[in-house]
Protein chains: 2
Amino acid sequence: MTLYLNLAEMLGARIEQGLYRPGQRLPSVRALSVEHGVSLSTVQQAYRMLEDNGLVAPRPKSGYFVTDHRSLPALPAVTRPAQRPVEISQWEQVLELVRGTPRPDVVQLGRGMPDVNSPSLKPLLRSLAQLSRRQDMPGLYYDNIHGNIALREQIARLMLDSGCHVSPADLVVTTGCHEALSTSIRAVCEPGDIVAVDSPSFHGAMQTLKGLGMKALEIPTDPTTGISLEALEMALEQWPIKLIQITPSCNNPLGYIMPEARKKALLTLAQRYDVAILEDDVYGDLAYNYPRPPTVKSFDEDGRVLLCSSFSKTLAPGLRIGWVAPGRYLERVLHMKYIGTGSTCVQPQLAIADFIAGGHYHPHVRRMRSQYQRGRDLMSDWVARYFPPGTRVSRPQGGFMLWVELPESFDTLRLNRALLEQGVQIAVGSIFSASGKYRHCLRMNYAARPSAEIEAAVRKVGETALRLLVDHHSEA
Amino acid sequence: MTLYLNLAEMLGARIEQGLYRPGQRLPSVRALSVEHGVSLSTVQQAYRMLEDNGLVAPRPKSGYFVTDHRSLPALPAVTRPAQRPVEISQWEQVLELVRGTPRPDVVQLGRGMPDVNSPSLKPLLRSLAQLSRRQDMPGLYYDNIHGNIALREQIARLMLDSGCHVSPADLVVTTGCHEALSTSIRAVCEPGDIVAVDSPSFHGAMQTLKGLGMKALEIPTDPTTGISLEALEMALEQWPIKLIQITPSCNNPLGYIMPEARKKALLTLAQRYDVAILEDDVYGDLAYNYPRPPTVKSFDEDGRVLLCSSFSKTLAPGLRIGWVAPGRYLERVLHMKYIGTGSTCVQPQLAIADFIAGGHYHPHVRRMRSQYQRGRDLMSDWVARYFPPGTRVSRPQGGFMLWVELPESFDTLRLNRALLEQGVQIAVGSIFSASGKYRHCLRMNYAARPSAEIEAAVRKVGETALRLLVDHHSEA
Ligand SMILES: Cc1ncc(COP(=O)(O)O)c(C=O)c1O
Ligand SMILES: Cc1ncc(COP(=O)(O)O)c(C=O)c1O
């Protein structure tokens, strides 16, 4: 049943890696059928899927060809963070990013905002309005601390897509993924404990470790396959690590999807050293390939994985609805949920449950995935065109964030300051590190429908970066 | 300008304390004018206010008389908790209370639910519905971590009623008062620190201390004037206390309002020993006397008071909108807010801001206050009628909770179990103590519009308590 998926994935990966070049002819349906021992229709299904994803195009009577996309910039280097536990810094930079009210005169490339203007979200707004008109006013009452049962049932159904079989009783609804992360970390760790993280890593998760008094041990990460298992194993050998915190599917900020085999190997490592895994899956449903990748949680048999997610990236962040499937830590997470916020805002829970039950979730997410994939291609092009030569760029497999690496000596804090005057905001790289690494990197959001305004903003980023680089060299 | 208020307050207190008995004639307007050196019209204003509150009634040509309310049961004793720092227990009992989804076949006397069926709440629901229909969909975007500015402006205006002058920039919107409490505690304390609390005390605040690894030092509390300042001073002398956590206005569960002079004295103590004060004001606007009492925060000059509140009791808890005015701890609270939930659900914030700006808040709260005051009188009557002789009952000055004290040997956990079979739920006293004190006490909610069903439920509580008492004696 999933043979065609495996085949499509393999071919897609080869194209992404440049083994088949743009314009090149791909193996014939027959050849692949023989080579892989699958039926002709399986190969055809795989090609159709790649076609849907825009990677290949059929030419009448001559087979499938790699679509002619522009030559891609080089990928970022494998990261090299300091491999010892550190106290986390960078709160001031994060605060600057999250404190301000977005100004309409600034193009926001810095924040983690999805596009909420799609007509496929309309039924959600309709549900919200209807709930406010209901006589019994369900939105006004205290919810129980687990969260609304109708919503938990729908979440449990969605989680089947990633291979997870959980019951609604195994889920706790939270105020966004933020609360899922903080309740999970507090459920597992005590202040002073060491947590291993993929690096770079979402600043919210990092600041949570800081706020709770943990130390972060940043593990080198490959921009296409994720956290280095070899480095992680060495760290587990050397330090009393309590928790491994990762975003393996459509990583923020790097955009990779950790291959299935590596996810399993990660779990095996965690079992061997008896540590818990916090898996942040907030972008998982936005993987460009269908079906979405499985979670580490889907392989978990002894409840050591706490899966955290939310509807902030798939639907809308202002609703603040997330969840955690905490495995064996359920009781502790419930306590932390109770003391953190008591219970979760009710009306958005009910509206989202309606939206999913009404069959609107998958069409919406499908639509957004292809919009974001186009956004990635365009923004990568713009970076190739407008940024200084030698700039490296991530190749996201899902989500809506691009990671850009400038020459080692570059300082994106200065860049950001210069850009704010010009009405553009980026996320500086240093907030994605516990110790202020990645100062030469930046992250840009390509969620919004592509426009001349956004292209102009990206161009400003690139040209300002070039100017700062030239100034730097002439100073030196 | 507030002379008449002071006079009304003094007369009201004397009536409450039984110095003037039901049916007794009160001093003449002229006599009071001479005695207090105020104008005749000031005295008349004071009497009119007491009349509005149902405490006095004019009789033509003969002056004002104390209204003929039934003889009140005795007040609870001053509490005597263990006066040393303890680890907090009782999580299982709290979980039992907050985990379940309310069953329609059970009369819920146990939870902290206000009445949300008042027509004066309708404009709020209208705003919620309108927001969902707006083209620009403001509810879908990430808020900044401070909270919506329009709402913060309205909260700053409301806080003037309690004597507080804060700017919107001094406020952080939170997911209910729960989050206000937990961010505040974490902003001030480290795990292992000692926090002094009024006792009995709201179980949520207590469990927050537990979850964050603090120790609670329970201070004896008077059922009419609040925390014992003498005992508190001894404790401050003896232990390295970091924080004093109190609910001084319309206390949950005891219902008292700490007199203004004692609030000031408390602040002086905190200054002398240089500790912070966490003031929970979640019921403050529901004080039966108008204007509402000042907060400790209103006297604070060096930013050591963190005021926590929410709209959960005045409007509706399902909205999950609270706030904190953290004084000098603003930066730390912002960090804790960021890691706890990132930002707060947007739509309810906007709807509440509309509701207050539209002038609907004060009329609604006025209406609820008088409903709750009637509820208190009725439920006190029912307890006097149906409960075992010797039962003591609090005399709440605001809010909607009655605290009932049975004989010392009584066990309300057993009572609760027996009652659940009969379709009634109460809050057992032990969850209001860090160390499981108050097992012989219980708390009942009188927010709902009085009905025969509720009277029948209270009667069941009383009669079941009597039966258990008799069984106990015959066993012994
Ligand atoms: C990886 C990751 N986890 C969690 C979050 C927070 O999600 P939420 O807005 O649901 O709290 C984000 C959002 O920026 C994120 O990028
Ligand atoms: C004294 C006190 N503080 C705080 C809370 C929690 O309020 P919220 O529902 O806004 O989190 C309650 C509610 O039970 C309470 O009684």
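Residues numbered from 1 in each chain as written. Chains lettered and ligands numbered in written order. Predicted model: local features only at pLDDT ≥ 70, side-chain atom pairs only at ≥ 80, totals over all residues. Heavy atoms only, no water.

### A word on the overall build of chain A
Helix and strand counts for chain A come out as 15 helices and 17 strands. The C-alpha atoms of chain A give 22 Å as radius of gyration, which agrees with the globular expectation for 476 residues (23 Å, within 12%). Principal-axis analysis of the C-alpha atoms places the extent of chain A at approximately 65 × 60 × 55 Å. Total accessible area computed for chain A in this model is approximately 17,800 Å², and 52% of it derives from carbon and sulfur atoms. Counting 52 positive and 47 negative side-chain charges, chain A places the averaged centre of each group 4 Å from the other. (Helix = DSSP H or I, 4+ residues; strand = E, 2+ residues; numbered from the N terminus. Rg over C-alpha atoms; globule rule 2.2 N^0.38 Å. Areas by Shrake-Rupley, 256 points an atom, 1.4 Å probe, with all protein chains shown as cover. Lys, Arg positive; Asp, Glu negative; His and termini not counted. Charge placed at Lys NZ, Arg CZ, Asp CG, Glu CD.)

### Description of the site of ligand 2
With respect to spatial proximity, 13 residues lie near ligand 2, and among them Tyr142 of chain A together with Asn252, Asp280, Ser310 and Ser312 of chain B are the closest. Among the chains of the assembly, those with residues near ligand 2 are chains A and B. Tyrosine 283 of chain B places a side-chain nitrogen or oxygen 3.2 Å from an oxygen atom of ligand 2. Within the complex, 97% of the 400 Å² of free accessible area of ligand 2 lies under protein. If one sorts the elements of the shell around ligand 2 by residue count, helix α7 (residues 176-188) of chain B sits on top with 3 residues. For the shell around ligand 2, the class distribution of residues is 5 nonpolar, 5 polar and 3 charged. (Near = heavy atom within 4 Å. Polar contact = N/O pair within 3.5 Å; in protein donor to acceptor, adjacent residues only side chain to side chain. Nonpolar A, V, L, I, M, F, W, Y, C, P; charged D, E, K, R; others polar.)

### With respect to the interface of chain A and chain B
Taken residue by residue, the interface counts 63 residues in chain A and 62 residues in chain B. Each partner contributes to the roughly 5,400 Å² buried at the junction of chain A and chain B, and carbon and sulfur atoms together form 62% of this total. By the criterion of area lost to chain B, the three top residues of chain A are Leu140, Tyr142 and Tyr338 of chain A, representing 16% of everything that side buries. Across the chain A-chain B interface, the total number found is 22 residue pairs in polar contact (both at pLDDT 80 or more). Going through the elements one at a time, α4 (91-99), α5 (122-133), α7 (176-188), α8 (203-211), α11 (330-341) and α12 (346-357) of chain A are the ones with two or more residues in the side of chain A that touches chain B. Per element, the largest residue contribution to the side of chain A that touches chain B is 8 residues, and it comes from α11 of chain A. Class assignment for the residues of the side of chain A that touches chain B results in 28 nonpolar, 25 polar and 10 charged. (Contact = heavy atoms within 4.5 Å. Buried area = accessible area lost by both parts, 1.4 Å probe.)

### Section: the relation of the copies chain A and chain B
Once turned by 180 degrees and shifted 0.0 Å along the axis, chain A lies on chain B with an RMSD of 0.1 Å. What the superposition gives is, in effect, a two-fold axis relating one chain to the other. Considering only C-alpha atoms, the part of chain A nearest the rotation axis is alanine 129 of chain A, at 2.1 Å. When the interface residues of chain A are mapped onto chain B, 98% of them again fall at the interface, so both copies present the same face. (Least-squares fit on C-alpha atoms with pLDDT ≥ 70 in both.)

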